[in-house]
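# Structural overview
The chain contents come next:
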Amino acid sequence: MPMNLNDVFKVNKLMKRLIPVSFLFIGCSFFYSPVYAAESCWVGGTTLSLGTANAQGSSTVSTDVTFTCNSNWSQPITYKMCLVVDNTSPAGNDPRSMISYDIYPAPLLNYQLYYDAARTRKLPASDFKNQAQCQTFQVSANAGNQSGLIKIYGQVLVGQNVPAAFYKTNNATLKLYFSSRYGMQAPTDLEVLGSQNMATNHIVVNSNYENSCLIQSATDIDFGAVEHLKNPLFGSGLIRLACPAGTSMQVGLDNGINALGTQRRMRNAIGSYIQYNLYKDASRSQTWQGNVFYPVDNQSVPVYAAVPAQTISSVGQYSDTITVTLTY
C-alpha cells in the first residue's frame, strides 16, 4: 500500500510532542516523593520515684525518658516527637493516681506529670494529645541508631487525706508519637499527632506517704470592738490538721502567755487584762483546759470562746497567744 509521507511526518511530530511531556511527568514525581522519611523510633521504659510525701505533697522530681531513632540513609533526617502518658489502672489522668495494695480497700494517692520544673505544662494523656509539647531530633546521614532524652517532672499533690503506705502506678504507658523528614526541616506538630507512627513502653511512678501529721492552720478568734463589757462576747476559731487517714490524734491548748493560774487572759499595751475562756463545744459547756490533750477524730477541730461580762480598766487592743500542740 502506498504511504503518504505527510502522514509519517505528522506522527513523528506527535511523538516529539509526547516525549518531552513524559519526561516532565517523571521529573515532577522524582522531586516530591522523598519529603517524608520512612524511619522508625522506639522509647525506653523508666521509673519516676516521687520520694516521701505528706499532706503538703512532695518535692518536684524528674526523670529522663530515653528514645532511639535510626537512620541508615545518605541524607540527614529530622524527627519530631510528642510524648504523652496514659494511666489506665487505676483510672484517671488529671489528676493521675497511684494505688496501695497494702491496705483494704486500696486507697489512691494523686499526683501529676509535667513537661517543666515550674509545673506550668501538664503532660497529657493520649485523649488530649493535641496539648502535647513536641520536640525535634536530628540524625546525621548514615548515623545508624541515635538516642536522645525527654525530661519529665512529677509531684504528689497537696491536701490529700490518705493512709500512710507505699503507693505506685499499676499501669501507666508512655506513648511517643513521631514523624520525620529528610533534611533539616522538621514535620509540624499536626503532622506528628496525625500520623500512625507511635512507640510505647511503661513508666512506673511511686511514692511513700509518710506517717506524719501537720498543723496546717489555726484561725484567730476576734471578739470585735466594744466600749463596755456589760454583756458576754462570743467567738470561735478552727484548727486544721493534716494526718494520714486512720491516725490516732490528740490536740492540746496551753493557757496562753498572759494567764493567771489557769485563767486565760488578754492583755493590752499598758498591762490591763480581760479574762476569757475556751471551750470544746458550741454550747460552751465543756471547758478546754490548758495543757490537757483531748482525742480528736476529725482533721478540722473547732475551738469556741467566750468573754464574760467584766469591768474594763483601760482602753486599747487586747490580745493573747495560745500554743496548739498535736500528738499522734
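Refer to the structure presented above.
Residues numbered from 1 in each chain as written. Predicted model: local features only at pLDDT ≥ 70, side-chain atom pairs only at ≥ 80, totals over all residues. Heavy atoms only, no water.

### Some thoughts on the sheet that holds strand β14 (residues 249-253)
What counts, and what does not: Pairing between strands is defined by DSSP: at least two bridges between the two strands are required. Secondary structure is summarised from DSSP: a helix means a run of H or I of at least four residues, a strand means a run of E of at least two, and numbering begins at the N terminus for each. Angular values range over 0 to 180 degrees, each being the angle between N-to-C directions of two axes fitted as lines to C-alpha atoms, with helices fitted over their stretch in contact.
In space, the 3 strands of this open sheet follow the order β18-β14-β20, with antiparallel pairing throughout. This sheet does not close on itself; its edge strands, each paired only once, are β18 (292-296) and β20 (324-327). Averaged over all pairs of adjacent strands, the angle between their axes in this sheet comes to 30°, without regard to strand direction. Direction of pairing for β14 relative to β20: antiparallel, over a ladder of 3 bridges. Bridge pairing in β20 places Gly252 opposite Thr325.

### Structural notes on the state of the cysteines
Put simply, the test is: For this text, the term disulfide refers to a pair of cysteine sulfurs within 2.5 Å.
Scanning the model with the defined rule gives 3 disulfides in all. When the cysteines of the protein chain that form disulfides are numbered from the N-terminus onward, they connect as 1-2, 3-4, 5-6.

### Points about the packing of aromatic side chains
The way to describe two aromatic rings as a pair is by their centre distance and the angle between their planes. For the record, the criterion: Whether two aromatic rings pair depends on their centres lying within 6.5 Å, for rings of Phe, Tyr and Trp, where Trp uses its six-membered ring; planes under 30 degrees apart make the pair stacked, over 60 edge-to-face, and the rest tilted. A 1.4 Å probe rolled over the protein chains alone gives each residue an accessible area, and that area as a share of the maximum for its type sets the label: buried under 20%, exposed over 50%, partly exposed in between.
All told, the structure shown has 2 aromatic pairs when counted by the stated rule. With a centroid separation of 4.9 Å and an interplanar angle of 90°, the aromatic rings of Phe67 and Phe137 are classed as edge-to-face. With Phe67 in strand β3 (residues 61-71) and Phe137 in strand β7 (residues 134-139), the pair connects residues that are 70 residues apart, well separated along the chain. Judged by relative accessible area, Phe137 falls into the buried class, the value being 15%. Seen in terms of ring centroids, Trp288 and Tyr294 are 5.7 Å apart; in terms of plane orientation they differ by 80°. Their pairing is edge-to-face.

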